[in-house]
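Chain residues, written in single-letter form:
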Amino acid sequence: VPLGQRASGLAPVRAPRVGLWAQYGGSMPAGWTRWILEQSDFAFTRVFAPRLDAGNLNADFDVIVFVTGAIPGAGGAGRAGGAGRGGGAGGAAPNIPAEYRDQIGSITPDRTVPQLKQFVENGGRIVAIGSSAANMARHLDLPIDSHLVEPGTAAGAEPQPLPRTKYYVPGSVLGARVDTSHPVAAGMKERTDVFFDNSPVWRLRADAASRGIAPIAWFDSPAPLRSGWAWGQSYLDKGVIAVDAQVGKGHVLLFGPEILMRAQPRGTFKPLTDMIGGGP
């Protein structure tokens, strides 16, 4: 564009409105995520269960981040580090100071998840990590299943989770393949190390691609261990560990490994900041 002339086709740009899940009493993973966002100069708002339950989330947020332990499994009301401290969703404990009472409560499948689904369908973006990623996938009925299973012993039985006698990977560093052509992984290395603590690993169903599900990272070796200890690591081969799921007008980014583990694995911060900054 020549000096002094205004380029055509410009559109206004604004910073994304970021919500970071939080709970009364704190959450260690949420605290470290908060620190990372602060260091990356992202403005954000801590968002508690009562605000999520109130709905109309698109009015206040473009992206909401859920760390491990935030999203409960089916039929559960969970919180990281102990459920229900300081009162439940039905009302705050009387000894909680008034200024904190709007922080009391837990995410639940019946009240909170429908609001999150509506948020995404309306164009919002969700980042879910660790157990929250696995539980969110189930709540949204996404076409992905656990990769870490074996056939049931009885005829026609459902696959069963691998027992610890066959598989156990507690707090190790594993090497994974990354699709660097995906917008969220742009600029990453094609082979990236991830911190893995018995984390979720998925298998995409046959109809996943047609339903807007794209793998971003996966294990491409029967021996991905880089540092630590991995019993039965061959079971990880071909398992997917990062997924971009289009839901309505929005996207849900699921990470199995602890990509932000205590702000240490800097090689895997980028997908979080890319998803917040613009997303797929």
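Residues numbered from 1 in each chain as written. Predicted model: local features only at pLDDT ≥ 70, side-chain atom pairs only at ≥ 80, totals over all residues. Heavy atoms only, no water.

Draft legend 1. Molecular detail of the overall build of the chain. In terms of regular secondary structure, the chain is built from 5 helices and 16 strands. Of all 280 residues assigned to the chain, the portion counted as buried reaches 45%. Sequence separation of at least 24 residues holds for 73% of the intrachain contacts in the chain that already meet a minimum separation of 6. Of the roughly 13,700 Å² of accessible surface on the chain, 52% is carried by carbon and sulfur atoms. (Helix = DSSP H or I, 4+ residues; strand = E, 2+ residues; numbered from the N terminus. Buried < 20%, exposed > 50% of the residue type's maximum accessible area, 1.4 Å probe, protein only. Contact = heavy atoms within 4.5 Å. Areas by Shrake-Rupley, 256 points an atom, 1.4 Å probe, with all protein chains shown as cover.)

Draft legend 2. Region of the structure containing the packing of aromatic side chains. Taken as a whole and assessed by the stated rule, the structure comprises 4 aromatic pairs. Aromatic pair Y24 and Y100: ring centres 6.1 Å apart, planes at 50 degrees, arrangement tilted. Here Y100 lies in the loop between strand 5 (91–92) and helix 3 (112–121) and Y24 lies in the loop between strand 1 (18–21) and helix 1 (28–39), a separation of 76 residues in the sequence. (Phe/Tyr/Trp six-rings, centres within 6.5 Å; stacked < 30°, edge-to-face > 60°.)

Draft legend 3. Broad picture of the nonpolar core. Counting 34 residues, the largest nonpolar core has L52, F66, M136, L142, V252 and L254 as its most contacted members. Elements that contribute at least two residues to this core include exactly helix 2 (49–54), strand 3 (63–66), helix 3, strand 6 (125–129), helix 4 (131–139), strand 15 (240–247) and strand 16 (250–255). If near-sequence neighbours (up to four positions away) are discounted, M136 is found in contact with I71, L116, I126, A128, V252 and L254. Ranked by size, the runner-up nonpolar core spans 31 residues in total, among them L20, I36, I129 and A217. (Core = buried A, V, L, I, M, F, W, Y, C linked by side-chain atoms within 4.5 Å.)

Draft legend 4. Representation of the pattern of salt bridges within the structure. Per the stated rule, a full pass over the model turns up 12 salt bridges. D193 is the salt-bridge partner of R226, the closest N and O atoms lying 3.0 Å from each other. In this pair, R226 sits in strand 14 (residues 225–227) while D193 sits in strand 11 (residues 191–196), placing the two residues 33 residues apart along the sequence. In this structure R226 comes out as exposed when scored by relative accessible area, which is 60%. Where salt bridges share partners, they join R177, E190, R191 and D220 into one cluster. (Salt bridge = Lys/Arg side-chain N within 4 Å of Asp/Glu carboxyl O.)

Draft legend 5. Spatial organisation of the confidence of the model for the chain. Per-residue pLDDT for the chain averages 87, and the proportion of residues at 70 or more is 86%. Note on residues 78–90: pLDDT is under 50 here. Beyond four places in sequence and across chains, it has 33 contacts. (pLDDT = per-residue confidence, 0-100.)

Draft legend 6. Fine view of helix 4. Burial within helix 4 is extensive, with 7 of its 9 residues counted as buried. In this structure, the buried residues of helix 4 make contact with strand 3, helix 3, strand 6, strand 7 (144–146), strand 12 (202–204) and strand 16. After helix 4 finishes, the residue D141 shows a positive phi value of roughly 55 degrees.

Draft legend 7. Focus on the pairing of strand 16. In terms of burial, strand 16 is a largely internal element, 6 of the 6 residues being buried. Burial along strand 16 is two-sided: G250, V252 and L254 and H251, L253 and F255, pointing in opposite directions, are all buried. Where strand 6 meets strand 16, 5 bridges bridge the pair, whose relative direction is parallel. Of the residues in strand 16, the one forming a bridge with I129 is F255. (Pairing = 2+ DSSP bridges.)

Draft legend 8. Summary view of unusual backbone geometry. Although it is not a glycine, D41 sits at a positive phi angle of roughly 65 degrees. Summarising the element assignment, D41 is placed in the loop between helix 1 and strand 2 (44–47). Residue class for D41 comes out exposed when judged on its relative accessible area of 70%. Phi at D141 takes a positive value of approximately 55 degrees, unusual for a residue other than glycine. Inspection of the secondary structure puts D141 in the loop between helix 4 and strand 7.

Draft legend 9. A look at a nonpolar patch on the surface. A cluster of nonpolar side chains, contributed by M28, W32 and W35, occupies part of the molecular surface with about 310 Å² of accessible area. By the secondary structure assignment, W32 is in helix 1. (Patch = residues over 30% accessible without salt bridge, like charges linked within 9 Å, V, L, I, M, F, W, Y side chains within 5 Å.)

Draft legend 10. Quick look at the environment of F219. Relative to the assigned elements, F219 resides in the loop between strand 13 (213–218) and strand 14. The class of F219 is buried, set by a relative accessible area of 0%. Taking the C-alpha atoms as reference, F219 lies 9.9 Å from S234; in sequence the two are 15 residues apart. In contact with F219, not counting residues within four places along its chain, are L174, G175, A176, F196, V201, P224, L236, D237, K238, G239 and I241.

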